[in-house]
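For reference, the chains in residue letters:
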Amino acid sequence: MFKQTKIFVVMKHFALFLLALNAFSPLQAEVVQQVRILGGSQSDVAKHIVPASAGGFLLVGYSESTDGDISVQHHGGRDAWVVRLNDSGDILWQLLLGGSGDDVATGVVEMAADGWIVGGQTCSADGDFSLHQGSVETADLFIVKISDQGDLLWTQTLGTGYDDRANDVVRVGTNRIVLGATVQGQSSDLEVIQGLKDMWLAELDGNGNVLWERAYGGSLHDELHHLGVGTDGSIWLAGCSDSFSGLAGDREGIVMRVDSDGELLWTVSLGSEADHDDAVMSSFLVEENGDTRIGFSTTGSADGLNCTPHGSVMIAHLNADGEWVDTSCFGGSAWEYARTVVPDGNGHYWILGDTRSTDGDVNAGSSSATTVNKGWLLRCDNSGSLSVNYLLGGPGAEYAVGLAAGNSSQVLAVLNTLDQESPQAGDSSVVSDVLLVSVSEGPASVQEQLAESGLLVCPNPASDQVIVEITDSESDDDREEVIIRDITGRVIFRELSRASRMVIPVNDWSAGVYFLTRSGSAQAVRLVVE
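### Considerations on the sheet that holds strand β10 (residues 176-183)
An order of β9-β10-β11-β12 is seen for the 4 strands of this open sheet, with the pairing classed as antiparallel. The open sheet has two edge strands with one neighbour each: β9 (165-172) and β12 (210-216). Across the sheet, the mean angle separating the axes of adjacent strands is 20° when strand polarity is ignored. Summarising the sheet, strand β11 (residues 198-204) and β12 pair through 6 bridges and their orientation is antiparallel. For L201, the partnering residue across the bridge sits in β12 and is R214.

In structure tokens:
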């Protein structure tokens, strides 16, 4: 399925961004092609991404910016942000939804016939969300339909009058929409909940009318993170709960499965021993036989499986009855969280998560943990053997959002990148951007490099010198500027060609990945210096 590996990072600021990775591990043949960021001068945050059937992706989150890549009307505060991207991460269209309060989109799904369903939460009582339960200091749930061209078709809001948080939205069959949330409080909109917080589902028809809704949980805090859909129409819920332990704050990872009418089939706890914090943070990968693989994060030792002392990324394999089949565990001496698991079509699984480790499986070249959060991209087979191991990060902190498998032999990883290493909760000075990383397998062929850039670079890899040939130059009298940047974007070579061929010494360059471009072209050729 995968033919070529590229990493695109979409950048909003002129400040250089460092993509730190285990680039020369023998595990992987992946290649970095470009580095960029997406957003404006204020905070812009991704929450979810899905592939589009016509190619490209749809990304949702929120935006506070009115400049940069944000070219549509802003309503005020945080606006729910819906962005249609092509395969390369370029914006095709975007939409801001909201009112004068804070509005956040957290989930999106493509409908079978046409359009998109976006779910989220709103603190507005005007603009696109004029109906609000209770005070605008607390959030209501919203669900909207958007056309393939980015037009708003309808809106629906639901709420308890307390603080309700939308977590995910999925499509079941051709026209069933299921919204998942974490709710608290009671009102005529929502079923009476079981405890302080509950997982909650609602099925809606294609026009946004609620068909049924259910709350799930115990007497304490039960929080939903993600939904999955089985081939039989059943719905899988993943999150965390302290209702099962009976101790507030002692969370266990929870997976539930309900039938197509919302009736609970079973609940399984993926918890470790007491006094450890566990959570299912990852999206589901539900397979054809009803089994599922899901990313699970623990700070303890789950069901006797010894993991790192502080945190681990675990890929739990459960069958259709919720029975534990096997588990793969990855981590270092600090914290790890799994965010998304997607298949690559060849019996392997891509995993995107967070880490603060620099040892163990992370193996970033240091023997100690760090307080700086970084994205962690892995690929493993059914036995848990790693074939890809990337640490993604820059001078600030990065937080993984999700992965989406595209139509052009690629997986797009989405992270939020901050301008500070260790931001404090509630610090309004922290600015966030959206980081897109496009990955597929195997280096670009010579023919592909020529077709995209008109540059031929050989030898590649190189250790002494490289020959750069401008293959579409009409004559040796044509002069074009050749620019070479390192992985941080720093220009290390810039020169006007005096002929269609240049010889560039690289014997005193640091080993690493470099990118060559020519005048008037954004297409880059990757060069490896050994």
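### Some thoughts on the pattern of salt bridges
Applying the stated criterion to the full structure yields 12 salt bridges. In this structure, R78 and E64 form a salt bridge, with 2.9 Å as the shortest nitrogen-oxygen distance. With R78 in the loop between β2 (57-63) and β3 (79-85) and E64 in the loop between β2 and β3, this residue pair connects regions lying 14 residues apart in the sequence. A relative accessible area of 30% means that R78 is categorised as partly exposed. With its nearest N and O atoms 2.5 Å apart, the salt bridge here joins R518 to E480. Of the two residues, R518 is situated in strand β34 (residues 512-518) and E480 in the loop between β30 (465-470) and β31 (481-486); the sequence distance between them amounts to 38 residues. Assessed through its relative accessible area of 10%, R518 is described here as buried.

### Describing unusual backbone geometry
Most peptide bonds take the trans form, and the phi angle of most residues other than glycine is negative. P459 follows C458 through a cis peptide bond whose omega is -10°. Considering the arrangement of structural elements, one finds P459 in the loop between β29 (455-458) and β30. The omega torsion across N460 and P461 is 15°, close enough to zero to call that bond cis. Inspection of the secondary structure assignment puts P461 in the loop between β29 and β30.

Conventions we followed
- Residues numbered from 1 in each chain as written.
- Predicted model: local features only at pLDDT ≥ 70, side-chain atom pairs only at ≥ 80, totals over all residues.
- Heavy atoms only, no water.
- Pairing = 2+ DSSP bridges.
- Helix = DSSP H or I, 4+ residues; strand = E, 2+ residues; numbered from the N terminus.
- Axes fitted to C-alpha atoms, helices over the stretch in contact; angles between N-to-C directions.
- Salt bridge = Lys/Arg side-chain N within 4 Å of Asp/Glu carboxyl O.
- Buried < 20%, exposed > 50% of the residue type's maximum accessible area, 1.4 Å probe, protein only.

Honestly, it's all geometry; don't read function into it.
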